[in-house]
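As a plain string of letters, each chain reads:
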Amino acid sequence: MATQGGQMQPGSPMGPANALSQYKAYVRANPAQIKRAEEMGRLGAMLLPVGRLGEYSELINELFYAILGLVGAFHDHLIHGQEQARLSFHRLRVLLNLLSHTEVVLEMACSHFGGEANHQKFIYSLECFKAIVRLMILSKTSKNTILMNGG
């Protein structure tokens, strides 16, 4: 029985772990379809009526783009992650990739909720952090590194 008292059992065929593993297998088996779905999501984001979402419309629109970017990065990791995971600097590249997808939303939220002074401090801190991570990547590779999607 898959459910007991309305809750999913961990070993059940319909459990969350099994659903995630099925999703990963589907993404790996159908990368072209996944890329098309991501492109359709980006097209849908461009068609969102920005002005109708109220005071936070631009922030919501950028949040939507950030989510699409993070989902795309997750899919890329699933599709190409096996060969990249062996690289010593892979986690640092993933961190830069996550920052590149979310930094606009974070900057807009900081500006909107924290004021201009906090916005400038946030930008300086973020750029310093990214520079330190890039230097760490460069030190681990001992050769010229081209950062793809590194912001």
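Just above sits the structure.
Computed from a predicted model, the values in this text were never measured in an experiment. (Residues numbered from 1 in each chain as written. Predicted model: local features only at pLDDT ≥ 70, side-chain atom pairs only at ≥ 80, totals over all residues. Heavy atoms only, no water.)

Novice: Got a sec to walk through the overall build of the protein? Specific residues and values, please.
Specialist: Within the protein, the secondary structure is distributed over four helices and two strands. The order of α-helices and β-strands along the protein, N terminus first, is β-β-α-α-α-α. Residues counted as buried form 25% of the 151 residues belonging to the protein. When the accessible surface of the protein is summed, it comes to about 10,400 Å², and 63% of that surface belongs to carbon and sulfur atoms. (Helix = DSSP H or I, 4+ residues; strand = E, 2+ residues; numbered from the N terminus. Buried < 20%, exposed > 50% of the residue type's maximum accessible area, 1.4 Å probe, protein only. Areas by Shrake-Rupley, 256 points an atom, 1.4 Å probe, with all protein chains shown as cover.)

Novice: Report on helix α2 (residues 31-46), specifying residues and quantitative values.
Specialist: Each full turn of the α-helix corresponds to 3.6 residues, which orients residues three or four apart in the same direction. Compared with the 22 Å implied by 1.5 Å per residue over 16 residues, the 23 Å span of α2 between its first and last C-alpha is a close match. Within α2, the full set of buried residues consists of Ile 34, Glu 38, Gly 41 and Ala 45. For α2, the arc enclosing every buried residue in end-on projection is 55°, short of the 170-degree limit, so these residues lie on one face. Counted as exposed and oriented over 90 degrees from the buried face of α2: Met 40 and Met 46. (Expected span 1.5 Å × (residues − 1). Arc of directions from axis to C-beta.)

Novice: Help me get a handle on the pattern of salt bridges, residues and values and all.
Specialist: Counted according to the given criterion, the structure contains five salt bridges. For the salt bridge of Lys 35 with Glu 38, the shortest nitrogen-to-oxygen distance reads 3.5 Å. Separated by three residues within a single helix, Lys 35 and Glu 38 lie in helix α2, roughly one turn from each other. Taking relative accessible area as the criterion, Glu 38 reaches 8% and is therefore assigned buried. Where Lys 130 meets Glu 103, a salt bridge forms, and the shortest distance between an N and an O atom there is 3.0 Å. Residue Glu 103 is classed as buried on the basis of its relative accessible area of 11%. Connected via shared salt-bridge partners are Lys 35, Glu 38, Arg 42 and Asp 76. (Salt bridge = Lys/Arg side-chain N within 4 Å of Asp/Glu carboxyl O.)

Novice: Give me the packing of helix α1 (residues 16-29) against α2: which residues, what numbers.
Specialist: The geometry of α1 relative to α2 is characterised by a closest axis approach of 5 Å and an angle of 95° between their N-to-C directions. Taken together, the axis directions place α1 and α2 in an arrangement best described as roughly perpendicular. Mapping the contact onto sequence places Tyr 26, Val 27, Arg 28 and Ala 29 in α1 and Pro 31, Gln 33 and Ile 34 in α2. (Axes fitted to C-alpha atoms, helices over the stretch in contact; angles between N-to-C directions. Parallel < 35°, antiparallel > 145°, perpendicular 65-115°, else oblique. Contact = heavy atoms within 4.5 Å.)

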